[in-house]
Amino acid sequence: MQKPIFEINGLTKIYGSGEVEVRALNGVDMTLYEGEMAVLLGPSGSGKSTLLNIVGGLDQATSGKVLFDGRPLTALNERELTRYRREHVGFVFQFYNLIPSLTARENVALVTEISRAPMSPDEALAMVNLSDRATHFPAQLSGGEQQRIAIARAIAKRPEVLLCDEPTGALDSKTGILVLEALSTINRELGTTAAIITHNVGIREIANRVFYFKDGKIEDMQVNDHPISPSKVSW
Amino acid sequence: MRALDKKLVYDLRRIWAQALAIALVMACGVATIILSIGSYRSLEETRSAFYERYRFGSVFASAVRAPLTLKERIASLPGVSAVELRIMQPVLLDVPLMVEPATGIAVSIPDHREALVNKVYIRQGRLPESGRPDEVAVLETFADAHRFTPGDSFEAIINGKKRKLTIVGTVLSPEFVYAIGPGDMVPDQKRFGVFYMSASVLRALYDMEGAFDDLSLTTLRNADLGRITEGLDKILKPYGGSGARSREDQLSHAFLDNELTELKAMAMIIPPIFLFVSAFLVNMILSRLIELEREQVGLLKAIGYSDVAVGWHYTKLVLAIGLVGMVIGVIAGQWLGLGLTRLYGRFFTFPFLIFRHSVDLFLLATGVTMLAAVAGAARAVYSTVRLPPAVAMQPPAPTQYRSLFDRSKRRFQRISRRTIMSTRHLLRWPLRTFLTTLGTSLSVTLLVTAVFAFDSIDYMIDNIFFRTERQDASVSLVKALPLDAQYSLRGLPGVKRVEPFRATLTKFRHGETEKRVPIVGISNDSRLLQILDVEQNPVKPPNSGLMVPDMLARQLKLRPGDQVQVELLEHNNRVVSVPVVGLVSSYVGLTSYMSLKSLNRLLREGDRMNGARIRIDASSLPDLYQEVKQTPVITSIALLDVSLQKFRETIRENITTMTTLYVVLAVIITFGVIYNSARIQLSERARELASLRVFGFTRGEVSSVLLTELGIITLLAQPLGWLLGYLFAWMVVKGFESDLYRIPFVISSETFANASLVVIVAAVVSALIVRRRIDRFDLVRVLKTRE
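Analysis parameters
Sequence positions are assigned chain by chain, starting from 1 and proceeding in written order. Written order determines the labels here, with chains lettered from A and ligands numbered from 1. For this predicted model, a pLDDT threshold of at least 70 governs which residues receive local features, and a threshold of 80 or more governs which side-chain atom pairs are given and counted, while totals over whole chains, interfaces and linings are taken from all residues. Side-chain metrics rest on all non-hydrogen atoms present in the structure, leaving aside hydrogens and water. Strands are runs of DSSP state E lasting at least two residues, helices are runs of H or I lasting at least four, and both sets are numbered from the N terminus onward. Using a 1.4 Å probe on the protein chains alone, a residue whose accessible area is under 20% of its type maximum counts as buried, one over 50% counts as exposed, and one in between counts as partly exposed. We call two residues contacting when some pair of their heavy atoms lies within 4.5 Å. Here a polar contact is recorded for every N or O atom pair within 3.5 Å, except that within protein the pair must consist of a potential hydrogen donor and a potential acceptor, and residues adjacent in sequence are included only if both atoms are side-chain atoms. Between N-to-C directions, angles cover 0 to 180 degrees, with each direction set by a line fitted to C-alpha atoms, over the stretch in contact for helices. Between 65 and 115 degrees an angle is taken as roughly perpendicular, under 35 as roughly parallel, over 145 as roughly antiparallel, and anywhere else as oblique. The crossing is said to be left-handed when, going from far helix to near helix, the turn is anticlockwise and less than a right angle, and right-handed when the turn is clockwise. Under this grouping Gly is polar, as are all residues other than the nonpolar Ala, Val, Leu, Ile, Met, Phe, Trp, Tyr, Cys and Pro and the charged Asp, Glu, Lys and Arg. The domain limits used here are those given by an automatic or database domain assignment. Two parts placed together each lose some accessible area under a 1.4 Å probe, and adding up what both lose gives the buried area. By salt bridge we mean one thing: a side-chain nitrogen of Lys or Arg within 4 Å of a carboxyl oxygen of Asp or Glu. The rule for pairing is simple: two strands pair if DSSP sees at least two bridges between them. Throughout this description, the term nonpolar core refers to a set of buried Ala, Val, Leu, Ile, Met, Phe, Trp, Tyr and Cys residues connected via side-chain atoms within 4.5 Å.

### Section: the overall build of chain B
And step 1. What chain B contains, in helices and strands, is 22 helices and 22 strands.
And step 2. Principal-axis analysis of the C-alpha atoms places the extent of chain B at approximately 100 × 60 × 50 Å.
And step 3. Burial statistics for chain B: of 787 residues in total, 57% are counted as buried.
And step 4. Counted over contacts in chain B with a minimum sequence separation of 6, partners at least 24 positions apart contribute 82%.

### Looking at helix 2 (residues 78-88) of chain A
Along an α-helix, residues three or four positions apart point the same way, because every turn accommodates 3.6 residues.
And step 1. When helix 2 of chain A is considered as a whole, its buried residues turn out to be Leu81, Thr82, Tyr84, Arg85, Arg86 and His88 of chain A.
And step 2. Regarding helix 2 of chain A, its N-cap is Asn77 of chain A, as a side-chain oxygen of that residue lies 3.2 Å from the backbone nitrogen of Arg79 of chain A further along.

### Concerning the packing of helix 7 (residues 251-292) of chain B against helix 18 (residues 640-684) of chain B
Residues and elements named next belong to chain B.
And step 1. At a closest axis distance of 10 Å, the pairing of helix 7 and helix 18 adopts a crossing angle of 15 degrees. With respect to their mutual orientation, helix 7 and helix 18 come out roughly parallel. Regarding helix 7 and helix 18, the two cross each other, and that crossing is left-handed. Residues Met266, Ile270, Ile273, Phe274, Val277, Leu281, Met284, Ile285, Arg288 and Leu292 of helix 7 pack against Met658, Tyr662, Leu665, Ile669, Gly672, Val673, Asn676, Ser677, Ile680, Ser683 and Glu684 of helix 18.
And step 2. Looking at the contact of helix 7 with helix 18, its residues break down into 15 nonpolar, 4 polar and 2 charged.

### A few points about the domain arrangement of chain B
All names here are of chain B.
And step 1. Here chain B is described as being made up of domain 1 (1-58 + 251-397), domain 2 (88-207), domain 3 (429-469 + 641-787) and domain 4 (495-616).
And step 2. The C-alpha centroid of domain 2 is placed 48 Å from the C-alpha centroid of domain 1.
And step 3. The partner domain 2 presents 20 residues to the 16 residues of domain 1 that form the contact.
And step 4. Roughly 1,700 Å² is buried in total at the junction of domain 1 and domain 2, and carbon and sulfur atoms are behind 64% of that figure.
And step 5. Between the two partners, domain 1 and domain 2, sit 1 salt bridge.
And step 6. Of the charged contacts, one joins Arg55 and Glu114 as a salt bridge, the two residues approaching to 3.5 Å between their closest N and O atoms.
And step 7. Inspection of the region where domain 1 meets domain 2 yields 8 residue pairs in polar contact (both at pLDDT 80 or more).
And step 8. Sorting the residues of the side of domain 1 that touches domain 2 by element identifies helix 2 (16-53), helix 7 and helix 9 (307-347) as the ones contributing at least two each.

### Section: the sheet that holds strand 7 (residues 161-165) of chain A
Two strands in a sheet stick together by hydrogen bonds in their backbones, pointing the same way (parallel) or opposite ways (antiparallel).
All names here are of chain A.
And step 1. Sheet architecture is open: 6 strands sit in the order 6-7-8-3-9-10, paired in mixed fashion. Looking at which strands have only one partner, the edges of the open sheet turn out to be strand 6 (89-92) and strand 10 (217-223). When strand polarity is set aside, the average angle formed by the axes of neighbouring strands in this sheet is 20 degrees.
And step 2. Strand direction decides the pairing type here: strand 9 (residues 209-214) and strand 10, joined by 6 bridges, are antiparallel. Each residue of the ladder has a partner; that of Val210, found in strand 10, is Gln222.

### What to know about the nonpolar core
And step 1. In this structure, Leu286 and Phe348 of chain B are the most contacted members of the largest nonpolar core, which totals 73 residues.
And step 2. Examining the composition of this core, we find that 19 residues originate from one element, helix 7 of chain B, more than from any other.
And step 3. Setting aside chain neighbours within four positions, we find Leu286 of chain B in contact with Tyr314, Leu317, Val318, Ala377, Ala380 and Val381 of chain B.
And step 4. Membership of the second largest hydrophobic core comes to 61 residues, among which are Ala195 and Phe211 of chain A together with Ala686 and Val705 of chain B.

### Section: the pairing of strand 13 (residues 495-510) of chain B
All names here are of chain B.
And step 1. Strand direction decides the pairing type here: strand 13 and strand 21 (residues 608-616), joined by 6 bridges, are antiparallel. Note that in strand 21 the partner of Glu499 across the bridge is Arg613.
And step 2. Two elements, strand 13 and strand 14 (residues 513-522), share 10 bridges in a ladder whose sense is antiparallel. In the sheet register, Lys507 faces strand 14, and the bridge partner there is Arg516.
And step 3. Between strand 13 and strand 14, which follow one another and run antiparallel, lie 2 residues, and Gly511 among them has a positive phi close to 65 degrees.
And step 4. Judged from the 4 bridges that link them, strand 13 and strand 18 (residues 563-568) form a sheet pairing that is antiparallel.

Quick look at the structure:
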């Protein structure tokens, strides 16, 4: 396949110590490639989110190595991690995390203002089909719309990777599909690598590869040669 | 402990910093109530106890020379309970190791018995024995200033003769609690002393056998003071009586009264500020806390806790905070009270100080503060408690914002999104924003109100010591002498210029009101005294007619052109009608001015003077002093420089102490308001701010969102604080206005700037403490939680 974007070796994350020690990640090896869409499946506490947080520069690993585009992420300090997030990563969370005091367009612009070569906020909103909602405040939007604004905000800076932690977790099937379609469009059109955490097994079918997590390890990995369109996902 | 009470303890532990910030503001409220009302009571009770035990006179009068046989007539005036006839004379003192002469008042004490009125308190030693011409008891302040103890001696010029006097005791008197020398603006314990001698000795020294020149009497409860003074005036008129006066016109008493008025004003102004701020802070914090615990409230109600039980739970939280504030406040109030009492000790001399730990005062202070806190909490508690459990357990509806500052509009293009976030957030809760701003502005107000006194005093000093009084020294003579006496003064060593004046005590009457007013006559070419009109321009004394201070004009409703009835108190109470020709600006006393010629015409004694302003060559001062001490006709000499220095010292010390207190109070308010407001914002916007961090905003950029809001509030608070400070300062000026002195209403731009500087620094520090929390955000945890 293509060039690897993340190379993860022996990644371990331990919370607490002694008797209350929790191994959230227990020696994970994994590679993500440029432009691929990966789905991370597994029960709660299996380590998916911890992995995503470390890869996204939100958390530090206890041991192991993460290379981003050949550069070690695990060696970066706080300031460099902030810069890494600012320039290379887009995040989408379960609860959208929009700024309630800013309109949809302003929420997107918040990120484009500090990016090097962003698309315009309107362009980003068009990609998620929400141009007509540009001047609405989050409180005036439905959950699905809010999540799509969050996606527009995440991709507006043209990040190399898009990390989505349960993006459809709070949504019904109809709006969930709209959100997945937005993600899929972006993956296809911009070539952005996407890693999506979900509890919804059906979603695995839109991915190129599916990773199964259990007890802080990758238990299994499946390659999906023929990903389907989100509209065909059985919820 | 019940489960709900355990929750209370955990809650308190969690919000300890905010709770402490509120408790401190409450403590200021409690402390200032205890301080102001406590000091008021302390001073008031001490004064009345001293007055009562030492029989402070209710009415005072003096005459030139009146026979002792009048005593019965005076005692039989209705309402009089005791009369003491005495000798009271100004003297010049020659104290060892002191170059300049001090001034003093010699007061007689009855032979072979206790004084019936104005009894003295003996601190050390004893009273002079009857008939001993060399024995004196001196006022404790004077003795302390010179480190005199019984056995020491000094010299005094008594009726033109120098005498050596030996101190046999130090005393305190209800008449001289505030012992201020003639013509002085502040007490100068070194240069002014009161001493007591045996009546028979003083009579002999002043050729007053069988006579008196001063009297004081006590009255029965409900006595008609007006009738007594009238009766006294009638009795004393043939003997040169200069008008009886009640306590209100007694100098020491009037100064004490002034101080009491000021304390009362302080009690009315300062504590309410803190009560308001603490009520507001409690409301702000509790509203947020309850909002965060909405689901818990719903749950508690769902499992069967009543509205009252839930409401009481949160009320207890407030009461717990109040309790901490109360304890700190009571301790601080006591401590400050003692400090203020000690400060009083320098101005007011009492044999004892009653600083009672009155329970009712503590109850009042803490009750009022608790009430303010609970009032602040009431709305927050009520609004949550009345929600049905099912609704309470749902998260609150998302916050709606208004699209102000739409950046598609060109003029808003340059505003950053972060500024827009801050501004919209502020405008979303306009009342809270306003109250936060108001709270912060009150710190500025407090500071302006405290610090402006420096400007006022500087202005007053410039006005009095540099523009009005331009002499090097002023001398007063033992009595009115022909104007030729100025040539003898001119002949004293180092004297370069002499400007004679004539001063006389009168009573002004216009309409219903009357006032005791000294009139000073000065020559038309006077240079050493410059009268200033209300616009502060120098004016010449008029050829005829009076120039009166604007304050007196207001009191008597006088306008230039009006005729005022002037009773010449030192000239057989003859009443003359004199036109008012102009108003003068004056900050001390009610002295009115005339030309020397016209005053002398009015007094019908020929061209006379009883004092002079002089310019001297500083190098000959010691010789001059030496000479003055030998000159019987001179009763006092006051050096302007010395007065100024003493004035500055006293006032500075006084104001500095108060200003320090106010700065501390202002910093506490600022901290309480800004810190709490920052914490609330942080709590409300944790997700927003964490999101920004996730998107790659640096810590600095994220903090700027929060700091922008606080910055806007702090900046808005400045002009509001200045405005309120201006108003408060004006109220202070009006509150201080009395016959004794007024303070000019002057506030410099530096005062506003300094007040703002202190508040801004305090705000920045408070905000930075909160900023550290942003730096320690657990991004993952914050983002994973639902709002």
